[in-house]
Amino acid sequence: MKKLIIYTFLSLYLAFLTACAGGEHNHDTQSEAAISHEHEHEGEHDHTHEADPGHEAGTGDDHLHEHEALPEHTVIIAKKQPFSFVIRAGGTILPDSKDIITVTSKASGIVRLTDHFLFPGMKVRKGTPLFLISGDELTSDNTEVALMEAASDFERARSHFERAERLIVEQLITMDHYLNSKNDFEKAEIKYNNLRTGFGANGSLVTAPANGYINHVYITEGSKVSAGEALLSVIIEHNLVLRADVSPAHAASLDDVANATFRMTYSEKMYRTEDLNGQRISHARSTGENHFFIPLFFRLDFTPELIPGTYAEIYLRGKPEPECITVPNTAILEEFGKYFVYVEGEDHQFIKRHIEKGMTDGINTEVLKGLHEGEVVVATGAYAVKMSQMSTSAPDTHKH
């Protein structure tokens, strides 16, 4: 048994020694390979320097990286061209004030509707019966009673006047008596004719004054109304009005606004006032009572797509100026409330130039001072040019 144990121990010891010897041999082989590889790289570096003896470390690579890091920008040549500024505003579509007809009661009495569906938006034609006003249930201010009294007064005045005409011929009455009879008759006739106009057997009939749509109904069935009281209003399909609410900051430019482009909030379609036979009406000289904007008005042809009372996004366009120097809005940078552009100098480097800007059309901006026709201006990428100038490298101005 002891011999077996000794034999096993010797076998394990011999195996351990064999493994250690193989590991040292592999380590030496790897070390030699690494040294050989390092010498090969040293030879390569020596070859590079020999081929370019004046080469300074990193110069070529740095130049390459600087060129690749130049800002992406485009340039334009400033020139005079026609320009129209744009003012952005909100607004509303309104019916023309002349195209809203208010229907009033011609007599006092109780209102009876002629149709169960007398609501805003209902189409009506001229002469369509709308209301019947009757005074049957009134003990006072009864138009029917007033009409009968007027008829009686009229018949009596006419009889007196006809008698006076016969007597004046025979000179049996004075001229003053005759003139008084004539005056009483004429007044009674006017009153009677006025009351009986539009008054039928069942009361005063109110009809639609024109073709259009009901805009608003002011009374309900059974309401008591007086003569001259508003009953409803009708919109005629003739004109519309575009009202733009403009900030007071643009008050000085409103006289130069000629046209407008607008879009309704419920549609993506853009409308131009010129395409709708639009005409500028006026602008107010003060803000409205309930808001702080200056209203400006355009007349438009009636279009069913434009719903009165709905909101519109409006772009007011000024009168075209024939010769203005403009730059894209992307060319302008702001610093502490002042505006700058980058202009190409004589050494083909960009120079920051202070400008005084005018109005904008949302894409381009008018330059009032600081820029001359023919100068090269950075159109896009101005901020990248600015950041490039803050570094040690200067941008290439010929990157168009």
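The following paragraphs examine the structure supplied in this document. Not measured: the values here are computed from a predicted model.

Our next topic: the overall build of the chain. Counting secondary structure elements, the chain contains 5 helices and 23 strands. Classification of the 400 residues of the chain by burial places 32% in the buried group. Once local pairs closer than 6 in sequence are excluded, the contacts in the chain between residues at least 24 apart make up 75%. Of the accessible surface of the chain, which amounts to about 25,700 Å², a share of 55% is contributed by carbon and sulfur atoms.

In this section: the packing of aromatic side chains. All chains considered together, the criterion is met by 5 aromatic pairs. Ring centres 5.7 Å apart and planes at 25° place the aromatic pair F154 and F185 in the stacked group. Within this pair, whereas F154 is found in helix α3 (residues 143-169), its partner F185 is found in helix α4 (residues 175-196), the two being separated by 31 residues in sequence. Pair check on accessibility: F154 and F185 agree, each one buried. Judged by centre distance (5.4 Å) and plane angle (5°), the rings of F161 and F185 are stacked. With F161 in helix α3 and F185 in helix α4, this residue pair connects regions lying 24 residues apart in the sequence. Residue class for F161 comes out buried when judged on its relative accessible area of 9%. Take F185: its relative accessible area is 13%, and that puts it in the buried class. Put simply, the rings of F154, F161, Y178, F185 and Y192 touch in pairs and so form one group of aromatic residues. It is K352 that lies over the ring of F340; its NZ or CZ is 4.9 Å from the centre. Taking the ring centre of Y339 as reference, the NZ or CZ of K357 above it sits at 4.1 Å.

What counts and what doesn't
Residues numbered from 1 in each chain as written. Predicted model: local features only at pLDDT ≥ 70, side-chain atom pairs only at ≥ 80, totals over all residues. Heavy atoms only, no water. Helix = DSSP H or I, 4+ residues; strand = E, 2+ residues; numbered from the N terminus. Buried < 20%, exposed > 50% of the residue type's maximum accessible area, 1.4 Å probe, protein only. Contact = heavy atoms within 4.5 Å. Areas by Shrake-Rupley, 256 points an atom, 1.4 Å probe, with all protein chains shown as cover. Phe/Tyr/Trp six-rings, centres within 6.5 Å; stacked < 30°, edge-to-face > 60°. Lys NZ or Arg CZ within 6 Å of the ring centre and 35° of its normal.

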